[in-house]
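Structural overview
Take a look at the letters that make up each chain.
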Amino acid sequence: MARKRKGRDISGWLVVDKPAGITSTAVVNKVRWAMDAKKAGHAGTLDPEATGVLAVALGEATKTVPYITDALKAYTFTIRLGQATNTDDAEGEVIAQSDLRPDDNAIKAALGAFIGDIMQVPPQFSAVKIDGQRAYKKARDGEEMDLAARPLWVEELLLVDRPDDDHVVLEMTCGKGGYVRAIARDLGEALGCHAHVKSLRRIWSGPFQAEDGITLDQVEAMAKTPELDAHVQPLEVGLTDLPEVRCLAESVAKLRNGNPASVIGSDIEYGEEVWASYDGKAVAVGTYRGGEMQPSRVFVV
C-alpha cells in the first residue's frame, strides 16, 4: 500500500524572485516546506547563479506547468567579452582569451543571426541527457561531448547597455529550451573575441513577472502563515495562453471523470486545446470539438 503524502492540499502558483547561489530544486523544496504543501514543482530551471522568476506550482497547478514551460520568457544578462570558459559562465575555468573588443555596431550587427528560428548546441555543463546521464556529470569528469544542436525560437535579442569595453548587457525574449550561456558563447565566437555569461536574470516567464515575486527570505519569514498563502496566485494563471470555454454544472463531473461534455465557447477552432471553467475555476484542459470538450487533464480542488 502506497504511503500517503504528507502536507496540505493547496493549489496555485507562488512566484519566487530566486537569489543567486541556490538551485531551482532547493527553492522548490523550501517553498514546499514553507507552504506545508503535498506537491510542488517549478516551470523552468534557472542555473544556480541566475536570479529572477522561478514560478513554483503547488498541488493541482503542477498540471499546468507545461503551459508555462512552453511560454515565452525574457532574460537580461551581462556578457564578459574576451574570455571563453568551460561552463560558458563565470563559474567555469577560462579556456580561451582574446584582446579583441568589438564596438557596439559590430555587436548589434552580429545579434541578427541569433533572432528567429535558430539551432543551438547546449553547453557542455548542462542538464541534457547523454546515454542516460546528465551532460554536466560527464563534463565534471573531464569528458568532452558532441552535443546535438536543438531548435530555439528567439523573438528578440537587444543590446541594452555597454558598461565598459569588456562587458555587454543584452535582453532576450525566447521560447522553450534556450540556453543563455550558449547565446553568449556563440556570440563571442561570431565576433571572434570569445565570451561568457557573467550574470543572468529572468525578468518574466509567461504571465509571471519578477516584480510580482517574493524573495526566498520572505518565504522563510512567512513560512506556514496566512501571510504567505496570500501570495499564492490561482492555478488558472497558468492557463492564460489557452482559450477558455465555460461549462454548465452538469458537465463538471463528466469532465473530471475524463468523459466528454458540453462546453460554451466562441471563436475557437475544432481540435484546438482549451481549458474549461465553472464559476471561474478550472475544471479541465482538453480538445474542443464544436460545443463539446474531450478532457486530457482534470483539476480537483
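Not measured: the values here are computed from a predicted model.

**What to know about the pairing of strand 4 (residues 73-81)**
Counting buried positions along strand 4 gives 8 out of 9 residues, so the element sits mostly inside the fold. In the sheet, strand 4 pairs with strand 11 (residues 167-174) via 8 bridges, with the strands oriented antiparallel. If you follow Arg80 over to strand 11, its bridge partner there is His167. When strand 4 meets strand 12 (residues 195-205), the two strands line up antiparallel, connected through 9 bridges. For Thr76, the partnering residue across the bridge sits in strand 12 and is Arg201.

**Looking at helix 5 (residues 180-191)**
The terminal C-alpha atoms of helix 5, which comprises 12 residues, lie 17 Å apart, in line with the 16 Å expected from a rise of 1.5 Å per residue. By the criterion of burial, helix 5 is predominantly enclosed, with 9 of the 12 residues buried. All buried positions along helix 5 are accounted for by Val180, Arg181, Ala182, Ile183, Ala184, Arg185, Leu187, Gly188 and Leu191. Those residues of helix 5 hidden inside the fold are in contact with strand 4, helix 3 (104-111), strand 7 (116-120), strand 10 (150-164), strand 11 and strand 12. With its phi angle positive at about 75 degrees, Gly192 sits one or two positions after the end of helix 5.

**Digging into the environment of Phe299**
Structurally, Phe299 is set in the segment after strand 19 (292-298). Considered as a pair, Phe299 and Glu189 are 110 residues apart in the sequence and their alpha carbons are 47 Å apart. In contact with Phe299, other than residues within four places in its own chain, are Glu60, Lys63, Thr64, Leu235, Leu239, Arg256, Ala282, Val283, Ala284 and Val285.

**Considering the pattern of salt bridges**
Evaluated as defined, the whole model comprises 11 salt bridges. With a closest N to O distance of 3.4 Å, Asp9 and Lys38 form a salt bridge. With a gap of 29 residues between them, Asp9 in the segment before strand 1 (12-18) and Lys38 in the loop between helix 1 (24-35) and strand 2 (40-42) connect regions that are remote in the sequence. With a shortest N-O distance of 2.8 Å, Arg185 and Asp186 are connected by a salt bridge. For Arg185, a relative accessible area of 17% translates into the label buried.

**Some thoughts on unusual backbone geometry**
Phi angles above zero are rare outside glycine, and Lys224 is one such case at about 60 degrees. You can see Lys224 is positioned in the loop between helix 6 (216-221) and helix 7 (226-229). Given a relative accessible area of 54%, Lys224 falls into the exposed group. Positive phi values are uncommon outside glycine, yet Asp279 reaches one of about 55 degrees. Inspection of the secondary structure puts Asp279 in the loop between strand 17 (273-278) and strand 18 (281-288). Residue classification places Asp279 among the exposed positions, given a relative accessible area of 72%.

Criteria and cut-off values
The written sequence of each chain sets the order in which its residues are numbered from 1. Confidence filtering applies because this is a predicted model: local features only for residues at pLDDT of at least 70, side-chain atom pairs given and counted only at 80 or more, and all residues used for totals across whole chains, interfaces and linings. The basis for every side-chain value is the complete set of non-hydrogen atoms in the structure, without hydrogens or water. Note on classification: 1.4 Å probe, protein chains only; a residue is buried when its accessible area is under 20% of the maximum for its type, exposed when over 50%, partly exposed between these limits. What counts as a helix is a DSSP run of H or I of at least four residues, what counts as a strand is a run of E of at least two, and both are numbered from the N terminus. If DSSP finds at least two bridges between two strands, the strands pair. Take the number of residues in a helix, subtract one, and multiply by 1.5 Å to get its expected span. Note on definitions: a residue-residue contact is assigned when non-hydrogen atoms from the two residues lie within 4.5 Å. A pairing counts as a salt bridge when a side-chain nitrogen of Lys or Arg comes within 4 Å of a carboxyl oxygen of Asp or Glu.

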